[in-house]
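# Understanding the architecture of this molecule
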Amino acid sequence: MAHCIAALSSFFSANKLAESFVGLGFLLAGISCILRLMKWHPLLALYQAPYFAVWAFAGICLFRSFTDNRERRLFFVMLAALSLLALFFPKDHYLPFLRTRTIFAFLFMLLGAGARACFFAAAGVAGAWLISPEGEHPAKIAKASWRKWTVWGFALFTASMFSGELWSYLGWGAPIVWEDPAVIAGMVVWFYYALFLHLDLLRFFETHRIAWAAVFGAVIAFVFACLPDMGRFFPPTWMP
């Protein structure tokens with residue numbers, strides 16, 4: 001809820017208050033994630049990535065130097081939305097199983113969560129630039145920023161997929177389990193951003209089109225990388 005208060009505060013130009021609640025949310029999310037890891041160690045409970053993605057994105061929001069209030073609001077709204085989705089649509093009520101007792105299972109989850117946060121950051125930068133008045137912010141600077149986050153996200157996602165293949169080989173005897181829909185979904189995200197970076201670095205499209213592609217990439221990442229880790233609506237246990 002701290003992230004929701006931060007998002008609301010940003011609309012009233014209470015930037016210090018908003019950043020304080022982002023910091024509080026980052027701290028609480030970090031404690032929650034660490035406790036989740038400790039609870040089942042040395043095993044890994046599945047479907048934990050949404051919580052770690054929120055933690056990673058909160059860290060980006062906390063330490064990023066925003067260009068203006070418009071970008072800050074967009075980032076904080078995205079953070080609040082991701083936090084609420086992770087909170088009310090959990091899919092972590094399954095018990096861990098023995099095959100998760102490997103470092104590659106943890107790397108697969110943690111690196112994937114970090115990649116999603118970077119993809120969302122790239123979309124936030126591109127979206128803020130698109131809605132800003134023309135000429136207010138140099139396109140070159142905004143493009144360099146969302147390209148940086150995309151490259152980081154792509155690198156982390158590639159490392160996550162590689163770790164997942166090693167985990168699959170050690171646990172099931174094959175680097176890819178084609179029966180798992182998450183495998184195909186992950187490939188969709190990887191190929192989308194591979195194509196995005198090629199078109200961006202080769203300057204195949206104009207800046208506005210690449211910016212929209214960065215925003216659409218967040219939708220792709222959410223649908224194919226986040227939704228598989230989310231379940232049906234399930235209020236937290238502390239709610240009536």
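Residues numbered from 1 in each chain as written. Predicted model: local features only at pLDDT ≥ 70, side-chain atom pairs only at ≥ 80, totals over all residues. Heavy atoms only, no water.

## A few points about the nonpolar core
- Counting 61 residues, the largest nonpolar core has Phe57, Cys61, Phe75, Phe76, Trp146, Tyr193 and Phe196 as the members making the most contacts within it.
- Elements with a minimum of two residues in this core: helix H1 (2-10), helix H2 (15-40), helix H3 (49-63), helix H4 (69-88), helix H5 (103-131), helix H6 (139-172), helix H7 (181-201) and helix H8 (207-226).
- When residues no more than four places from it in sequence are discounted, the contact partners of Phe57 are Phe75, Met78, Leu79, Leu82, Ala117, Phe120 and Ala121. (Core = buried A, V, L, I, M, F, W, Y, C linked by side-chain atoms within 4.5 Å. Buried < 20%, exposed > 50% of the residue type's maximum accessible area, 1.4 Å probe, protein only. Helix = DSSP H or I, 4+ residues; strand = E, 2+ residues; numbered from the N terminus. Contact = heavy atoms within 4.5 Å.)

## Digging into the packing of aromatic side chains
- Applying the stated criterion across every chain, the model contains 16 aromatic pairs.
- With a centroid separation of 6.3 Å and an interplanar angle of 55°, the aromatic rings of Phe52 and Trp55 are classed as tilted. Here the residue Phe52 and the residue Trp55 both occupy positions in helix H3, the gap between them amounting to three residues, near one helical turn.
- The interplanar angle of 90° and the centroid separation of 5.7 Å between the aromatic rings of Phe66 and Phe76 together place this pair among those described as edge-to-face. Here Phe66 is found in the loop between H3 and H4, whereas its partner Phe76 is found in helix H4, with ten residues between them in sequence.
- Since its relative accessible area comes to 12%, Phe66 is described here as buried. (Phe/Tyr/Trp six-rings, centres within 6.5 Å; stacked < 30°, edge-to-face > 60°.)

## What to know about H5
- In this model H5 runs 42 Å from its N-terminal to its C-terminal C-alpha over 29 residues, within 8% of the 42 Å that 1.5 Å per residue would give.
- Summarising burial for H5: 22 of the 29 residues are buried, a large majority. (Expected span 1.5 Å × (residues − 1).)

## Some points on the UniProt feature "transmembrane region" (unreviewed entry) in the protein chain
- In the numbering used here, UniProt assigns the feature "transmembrane region" (unreviewed entry) to residues 21-38, 44-62, 74-91, 103-131, 151-170, 182-199 and 211-230.
- Across residues 74-91, helical content stands at 83% and strand content at 0%; the span's end C-alpha atoms are separated by 27 Å.
- Helix makes up 100% of residues 182-199 and strand 0%, with an end-to-end C-alpha separation of 26 Å. (UniProt positions renumbered as here; feature names shortened; annotations may be inferred.)

## Some thoughts on the side chain of Asp229
- Residue placement: Asp229 occurs in the segment after H8.
- On the basis of relative accessibility, which here comes to 14%, the residue Asp229 falls in the buried class.
- There is a polar contact of 3.2 Å between the side chain of Asp229 and the side chain of Arg116.
- Apart from the residues lying within four places of it in its own chain, the contact partners of Asp229 are Tyr47, Ala49, Pro50, Lys91 and Arg116. (Polar contact = N/O pair within 3.5 Å; in protein donor to acceptor, adjacent residues only side chain to side chain.)

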